[in-house]
Each structure stands twice: as C-alpha cells, then as structure tokens.
Amino acid sequence: MPAELLPPARTYLFVPGTRPERFDKALASGADKVVLDLEDAVAADDKATARSVVTGWLQSATPAGRSRIVVRINDANSSWFAADLAAFGDAHGIGVLLPKAESAEQIAETQAALPGASILALIESARGVSEANRIAAAGAQRLVFGTLDFALDLDMDITTDASGLGYAASRIAIASRLAGLPAPVAGVTPQLDDEARLLSDLADARRLGFGAKLCIHPRQVQPIHAALRPSAEALDWAQRVLVADASSPGAARLDGRMVDRPVVLQAQRTLALARD
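So, on to the overall build of the protein chain. From N to C terminus, the protein chain includes 13 helices and ten strands. Here the C-alpha atoms of the protein chain give a radius of gyration of 20 Å, agreeing with the 19 Å that 2.2 N^0.38 yields for 276 residues. When the backbone C-alpha atoms are referred to their principal axes, the protein chain occupies close to 65 × 45 × 40 Å. Going through the 276 residues of the protein chain one by one, you find that 46% of them count as buried. In the protein chain, the proportion of contacts linking residues at least 24 apart, taken out of those at least 6 apart, comes to 66%. Per element, the accessible surface of the protein chain, about 13,100 Å² overall, is 53% carbon and sulfur. Here the protein chain contributes 28 positive and 33 negative side-chain charges, whose respective centroids are spaced 6 Å apart.

So this is what it looks like as structure tokens:
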C-alpha cells in the first residue's frame, strides 16, 4: 500500500515516565502508540529522574518498540523544557508530544532541537486554539486536543456535557485538514470504568473530524479500535471495488456507480482500517 494510505495511529496510551515496569506492558496492550509522560504524570521533584529513566529505556528498546513511542515533554514555558530538548536530541524514530502548544515558534524550536523526532502539538488552551492553523502549518505531524486543560482554561464544566468543546474541536480539525495532516487526536475520557462514556466521547469526536483518541488505561484501547473498525458491509464494498478496478482499471462500474480513483482510494483506506 502506498505510504500516504497507511492509516495513522488510532490510540495513544499514557504511561508515567517514572514507571518503567509499565513501558513494555503498555506496548503489549495493543495501543498504536505509547506516550511516556514527563509532564502531568510526574511531580516536579521527579522530573530529572523520569527523564533519565525514559532516555535509558529508549537506548535499549528495539527499533519496532521505539517506532511506537511518543514522549510527552514539558511545555515550552516550563523550567524543564530545555533539559528535555537536550535529552532527546538524538532520539531518532520516536514521537514527541509538546504540551500547551500555543505558537508556531514553539513547534519550530522543538523541531530544530529534535530533528529525528515527529512533533505532535497538544493544543489545550484558548490561545492554542486561536493559533491552530499556524501550529499545524509550522511542521507539527499531528494535532492533539487536550480537552481537560482546555476546559479548565475556559472554566468550562464538561463532566456531563462536553458540547462546549465543539467549536474548538472543529477549529483543530479544520486546521489539520488545511495543513494536510492526519485527522487530529481527541482528548482523554477520565471515567476508567465507563465504556459507554468512552465510546460516546469517541463518537462525538468522530463527528467533528477526529480520527484517534488519547487513552489513560489499557482497557480503553480495544474498545476504541473496535469502534473505529469498518463494518462487515463496508469491508465487503471495499473489496468489491478493488476487484472491479483490477478487472477494468479506470473504467469499472460497481452497483451502478463509476469506480474512479477517489472511490478506489476510499476502498483502500477502508481496508487499511480493518487492522486489529
């Protein structure tokens, strides 16, 4: 399959950077990406320890494991930002999640310091939303919506009704599309034992143009994957499209409809989403 058709990650599972015994378990959970967290999950006094633990683990990780790792560093206005950039300057093949992203300059600075890493921008403030287009165009590989911090910034209660997030989410989704980025990543669902809420949050995000979700527990991963997997009917349609196109490239018809290139591309993408 062409590289541009490979589906982006659907799930990003957080693990505290101070808990190395959980790193391999998180990779074994089936999450597409594992986020080793140096920010919110780590107390101020433990920042240096967490940074050392994560860099040490990355040195011994397999290439396959490293390719699924994202490190959430501390934000650009924090006293730990410079040390984080210095620690991961040669960390090729990983992703780096920049929290509280609020400007194109922050993305450029991070990318310049970490040339071997893919930069994900975590937008979680009103200022970040207002700058979403510039952030997306500045070199970020994907936008992520930090819904809890955004709600805090706006003094918004989203405990039972998250509809107030809609405008900001749409801005982030549109900015992603304009910059040619993958569909953005939705924020966490903190209710660990409420699968119905998890899937409701995911459905709301999908309606707004999001294609993935942050997870804070391994049990959230597989329900998200199952919900994002195409139906049997959609998979059957996609397979029939490719068969029809193979038999008559550029001039096929299926179910009374012309099978042109956009239809073929949609069928390929649908089949790609059928992964476990």
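The next thing to look at is the environment of G209. Positionally, G209 belongs in the loop between α10 (195–207) and β8 (212–215). Separated by 24 residues in the primary sequence, G209 and V185 have C-alpha atoms spaced 9.5 Å apart. Each residue touching G209, except ones within four places of it in the same chain, is listed here: A173, A183 and P184.

A few words now on the nonpolar core. Membership of the largest hydrophobic core comes to 58 residues, with the highest contact counts inside it found for I69, V71, F88, I94 and L143. Counting residues per element, this core draws most heavily on helix α9 (residues 166–178), at five residues. With near-sequence residues (within four places) excluded, I94 lies in contact with L58, R66, I69, V71, F88, G116, A117 and S118. In terms of nonpolar packing, the next biggest core, distinct from the first, is built from 13 residues, F14, V188, A212 and L214 among them.

Neither face of strand β3 (residues 69–72) is open: one carries I69 and V71, the other V70 and R72, and all of them are buried. The pairing of strand β2 (residues 33–37) with β3 spans four bridges and is parallel. The residue of β3 that forms the bridge with L36 is V71. With three bridges connecting them, β3 and strand β4 (residues 95–98) associate as parallel partners. By the bridge assignment, R72 is partnered in β4 with L97. A crossover links β3 with its parallel partner β4, the connecting element being helix α4 (residues 81–87), and its sense is right-handed.

Here we come to the packing of aromatic side chains. In the structure shown here, the tally under the stated rule is three aromatic pairs. With a centroid separation of 5.4 Å and 85° between ring planes, the pair formed by F23 and W57 is classed as edge-to-face. You can see F23 sitting in helix α1 (residues 23–28) and its partner W57 sitting in helix α2 (residues 47–60), a full 34 residues away along the chain. Neither residue differs from the other here; F23 and W57 are each classed as buried. A connected cluster of aromatic rings, assembled from ring pairs, spans F145, F150 and F210. Here the guanidinium or amino end of K47 rests over the ring plane of W80, the centre of that ring lying 4.8 Å away.

What counts as what
- Residues numbered from 1 in each chain as written.
- Predicted model: local features only at pLDDT ≥ 70, side-chain atom pairs only at ≥ 80, totals over all residues.
- Heavy atoms only, no water.
- Helix = DSSP H or I, 4+ residues; strand = E, 2+ residues; numbered from the N terminus.
- Rg over C-alpha atoms; globule rule 2.2 N^0.38 Å.
- Buried < 20%, exposed > 50% of the residue type's maximum accessible area, 1.4 Å probe, protein only.
- Contact = heavy atoms within 4.5 Å.
- Areas by Shrake-Rupley, 256 points an atom, 1.4 Å probe, with all protein chains shown as cover.
- Lys, Arg positive; Asp, Glu negative; His and termini not counted.
- Charge placed at Lys NZ, Arg CZ, Asp CG, Glu CD.
- Core = buried A, V, L, I, M, F, W, Y, C linked by side-chain atoms within 4.5 Å.
- Pairing = 2+ DSSP bridges.
- Right-handed = clockwise from strand over helix to strand, strands pointing away.
- Phe/Tyr/Trp six-rings, centres within 6.5 Å; stacked < 30°, edge-to-face > 60°.
- Lys NZ or Arg CZ within 6 Å of the ring centre and 35° of its normal.

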